[in-house]
Amino acid sequence: MTLDVVTLLNEIAEIGRDPVRGGYSRHVYEPAELELREWFRRTSTGLGLEVETDRNGNIWAHWGRGDGAIAIGSHLDSVPGGGAYDGPLGVASSLAAVAALMEEGFVPARPVTIAAFGEEEGSRFGIACLGSKLMTGALPAATVAALTDDAGVTYAEACLADGIDPAGLGRDDERMASLAAFVELHVEQGIGLADLDAPVAVASSILAHGRWKLVFSGEGNHAGATRMRDRRDPVAAMAAAVLAAQRIASAHDGADSARATIGRLTPIPGGTNVIASRVDAWLDVRGDTDPQTRALLEEILKASHASAEEHGCTLEVVEESYVSTVHFDPDLQQRLVGALGGVPVLATGAGHDAGILAAEIPTAMLFTRNPTGVSHSPYETATDEDCRVGARALTEVVRLLTSEPRK
Ligand code: HGY
Ligand code: MN
Ligand code: MN
């Protein structure tokens, strides 16, 4: 059976469209993401793969069973108002790659398994890569089970929607021992390949990155009756922190990579004629190394505390997640570059499940060209031709890695 990556993406093009934000909102265990899970299961079964949902909510489609497996795949969930490619391109390319090898009668000397990891974006529960972090034990099961979404639903409650028993969450030794390597294909989330005029790259590294919740507290009051000098307005305090983050990261983002973003904030209670009593803001900070990222964070937090004080407010900071710089396995990188005829090698500022698995097993990534570099936006794009070139590259990588029997 032939499966074309573009046709596969077209099959899911109407699932989870967001009429308000534009693009797609496919949040883990919500109806759209559940529909994508069913699509992945159905398509995999149709291909003759054996489908299994693990106890951490990751779905696996096995071509052969046993140890020494080569895993490929990505995720199906999106950011709020995200693009069509971030995640699903990797899953669809994996299905197309396996179908192409089956079609030509290739017999892999090792099992191949396609993974669709759960809650890669952290859009519903705040922390990214929950499926892979649970599986590797990078996060304790109890911590994940207790996370809540905006409506107060816990992860433990939400995962029941796909039949996951929260009692089974946690490090999956057996599965980790069965995997020899993981390769994640992803749309590039930058302009590197467009600049190089090349369709596919191999990844070298991921920036260190973390998320911090900043709670600015002041005094709720009346927008008309409260004199300006009497206010303790946390929104004003937060606004100065946003500008400080922008200024401080910009000053470091040159030869080194420094990124700081506040893209999500909630004023409480949130009325036009109400001075808020509190604002929750989430700060995303990234850098080349742990010391550089921590130094950037400290500088931003210093400015944020000063801003809170200036406005008569308090500031509480909670680290919600942190992942150190990832350097992908150099040997695997070189083997992939060689098998693909010398494609470019690129670093990325975006986090991935591959970055979590890299701490445990040889891991690599392929990037498919993104002509504008835009991602986490409805305007994320890739040409049909490049998607097909990417899927063929992944096919060659699977062929390479499964041509040698396991030792
Ligand atoms: O946030 C990230 O870097 C990723 O896209 N999850
Ligand atoms: Mn993403
Ligand atoms: Mn992604």
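Predicted model only: the values in this text are computed from it and were never measured. Going along each chain's sequence as written, the residues are numbered from 1 onward. Lettering for chains starts from A, numbering for ligands starts from 1, and both go in the order in which the items are written. In view of the model being predicted, local features appear only for residues whose pLDDT reaches at least 70, and side-chain atom pairs are presented and counted only at 80 or more, with totals across whole chains, interfaces and linings using the full set of residues. As a convention, hydrogens and water are excluded, and side-chain values are obtained from all of the structure's heavy atoms.

1. Things to note about the overall build of the protein
Item 1. Looking only at helices and strands, the protein has 13 helices and 15 strands in total.
Item 2. Relative to the compact-globule value of 22 Å for 407 residues, the protein shows a C-alpha radius of gyration of 22 Å, a close match.
Item 3. In terms of principal-axis extent, the alpha carbons of the protein reach across some 80 × 45 × 35 Å.
Item 4. Under the scheme applied here, a residue whose accessible area is under 20% of the maximum for its type counts as buried, over 50% as exposed, and between as partly exposed, the area being computed with a 1.4 Å probe on protein chains only. Counting over 407 residues, the protein shows a buried share of 55%. Under the DSSP-based scheme used, a helix requires at least four consecutive residues in state H or I and a strand at least two consecutive residues in state E, with every element numbered from the N terminus. To get the radius of gyration, use the C-alpha atoms; to get the globule rule, take the number of residues to the power 0.38 and multiply by 2.2 Å.

2. Here we look at the packing of helix α11 (residues 330–339) against helix α13 (residues 384–402)
Item 1. Lines fitted to C-alpha atoms define the axes here, with helix axes fitted over just the stretch in contact, and angles between the N-to-C directions of these axes take values from 0 to 180 degrees. Close contact between α11 and α13 brings their axes to 10 Å; oriented N to C, the two are set at 120 degrees. The angle between α11 and α13 places the two elements in the oblique class. The handedness of the crossing between α11 and α13 is right-handed. The residues of α13 that touch α11, namely those facing L332, R335, L336 and A339, are V397, L400 and L401.
Item 2. Lys, Arg, Asp and Glu make up the charged group, whereas Ala, Val, Leu, Ile, Met, Phe, Trp, Tyr, Cys and Pro make up the nonpolar group; the residues left over, Gly among them, are polar. Residue classes in the contact of α11 with α13 are distributed as six nonpolar, no polar and one charged. Geometric relationships in this document are graded by angle, where less than 35 degrees denotes roughly parallel, more than 145 denotes roughly antiparallel, 65 to 115 denotes roughly perpendicular, and other angles denote oblique. Whether a crossing is left-handed or right-handed is set by the direction in which the near helix is turned from the far one by less than a right angle, anticlockwise for left-handed and clockwise for right-handed. The contact criterion used throughout is that any non-hydrogen atoms of two residues lie within 4.5 Å.

3. What about the pattern of salt bridges?
Item 1. By definition here, a salt bridge exists when the distance from a side-chain nitrogen of Lys or Arg to a carboxyl oxygen of Asp or Glu is within 4 Å. Under the criterion given, the structure shown has 28 salt bridges.
Item 2. Close ionic contact of E52 with R175 constitutes a salt bridge, the shortest N to O distance being 2.9 Å. In this pair, E52 is assigned in strand β1 (residues 50–53) and R175 in helix α7 (residues 173–178), connecting sequence segments 123 residues apart.
Item 3. Overall, E52 belongs to the partly exposed group, its relative accessible area being 22%.
Item 4. The exposure class assigned to R175 is buried, which follows from its relative accessible area of 11%.
Item 5. The closest approach of N and O atoms between R286 and D284, which form a salt bridge, is 2.8 Å. The exposure classification of R286 matches that of D284, with both residues buried.
Item 6. Members of the salt-bridge network, linked through shared partners, are E50, E52, D54, R55, R65, D172 and R175.

4. Here we look at the environment of G131
Item 1. Among the structural elements, G131 can be located in helix α4 (residues 130–136).
Item 2. For G131, a relative accessible area of 0% corresponds to the buried category.
Item 3. Once the C-alpha coordinates of G131 and I356 are considered, the two residues, 225 residues apart in sequence, prove to be 9.9 Å apart.
Item 4. Once you skip the residues sitting within four places of it in the chain, G131 turns out to touch N56, N58, F117 and G118.

5. Thoughts on the coordination of the manganese ion (ligand 3)
Item 1. The rule for donors is simple: an N, O or S atom within 2.8 Å of the metal counts, and for Na, K and Ca the reach is 3.2 Å. Water is not among the atoms, so a site may look short of donors. Every protein donor of the manganese ion (ligand 3) is accounted for by H75 (NE2), D86 (OD) and H186 (NE2), and the metal-donor separations fall at 2.0 to 2.2 Å.
Item 2. Counting gaps between the donor residues of the manganese ion (ligand 3) yields the pattern H-x10-D-x99-H.
Item 3. Between the manganese ion (ligand 3) and the manganese ion (ligand 2) the interatomic distance amounts to 3.5 Å, and D86 serves as a bridging ligand to the pair. Taken together, the positions of H75 in strand β3 (residues 69–75) and H186 in strand β5 (residues 179–187) put the pair 111 residues apart, joining distant regions of the chain.

6. Points about α11
Item 1. Where α11 is concerned, the buried positions are L332, Q333, L336 and V337. Buried residues in α11, looked at end-on, bunch into an arc of 135 degrees, giving them a common side. Exposed and oriented more than 90 degrees from the buried face of α11 are P330, D331 and G338.
Item 2. Contacts made by the buried residues of α11 are with β5, β6 (200–206), β14 (345–348), β15 (363–368) and α13.
Item 3. The N-cap residue of α11 is D329: its side-chain oxygen and the backbone nitrogen of D331 are 3.2 Å apart.
Item 4. Backbone geometry just after α11 places G341 at a positive phi near 75 degrees. Think of it as the arc spanned by the lines of direction from the helix axis to the C-beta atoms. Counted as a polar contact is a pair of N or O atoms within 3.5 Å, where, for protein atoms, one must be capable of donating a hydrogen and the other of accepting one, and residues adjacent in sequence contribute only when both atoms are in side chains.

7. What to know about the site of ligand 1
Item 1. For this purpose, a residue is taken to be near a molecule or strand whenever a single non-hydrogen atom of the residue falls within 4 Å of it. Contacts to ligand 1 come from E120, E121, R211, R286, A350, G351 and H376.
Item 2. One of the side-chain N or O atoms of R286 is found 2.7 Å from an oxygen atom in ligand 1.
Item 3. At 3.1 Å from an oxygen atom of ligand 1 is found a side-chain nitrogen or oxygen belonging to H376.

8. Quick notes on helix α2 (residues 31–46)
Item 1. To estimate the expected span of a helix, subtract one from its residue number and multiply by 1.5 Å. For α2, built from 16 residues, the straight-helix expectation of 22 Å at 1.5 Å per residue is met to within 8% by its first-to-last C-alpha distance of 22 Å.
Item 2. Burial in α2 covers these residues: A32, E33, L34, L36, R37, W39, F40, R41, T43 and S44.
Item 3. Buried-residue contacts for α2 involve α1 (5–11), β1, β2 (59–63), α3 (88–103) and β4 (112–117).

9. Re the coordination of the manganese ion (ligand 2)
Item 1. Here the manganese ion (ligand 2) is held by D86 (OD), E121 (OE), E121 (OE) and H376 (NE2), and the distances to it run 2.0 to 2.7 Å.
Item 2. In primary-sequence terms, the residues that donate to the manganese ion (ligand 2) follow D-x34-E-x254-H.

10. Structural notes on the packing of α3 against α13
Item 1. Two elements in contact, α3 and α13, have axes separated by 8 Å at closest approach and are oriented at 60 degrees. By the angle class used here, α3 and α13 are oblique. Judged by the sense of rotation from one axis to the other, the crossing of α3 with α13 is right-handed. Of the residues in α13, those touching α3 at L89, S93, S94, A96, A97, A100 and L101 are C387, A391, L394, T395, V398 and R399.
Item 2. Among the residues making up the contact of α3 with α13, the classes are represented as nine nonpolar, three polar and one charged.

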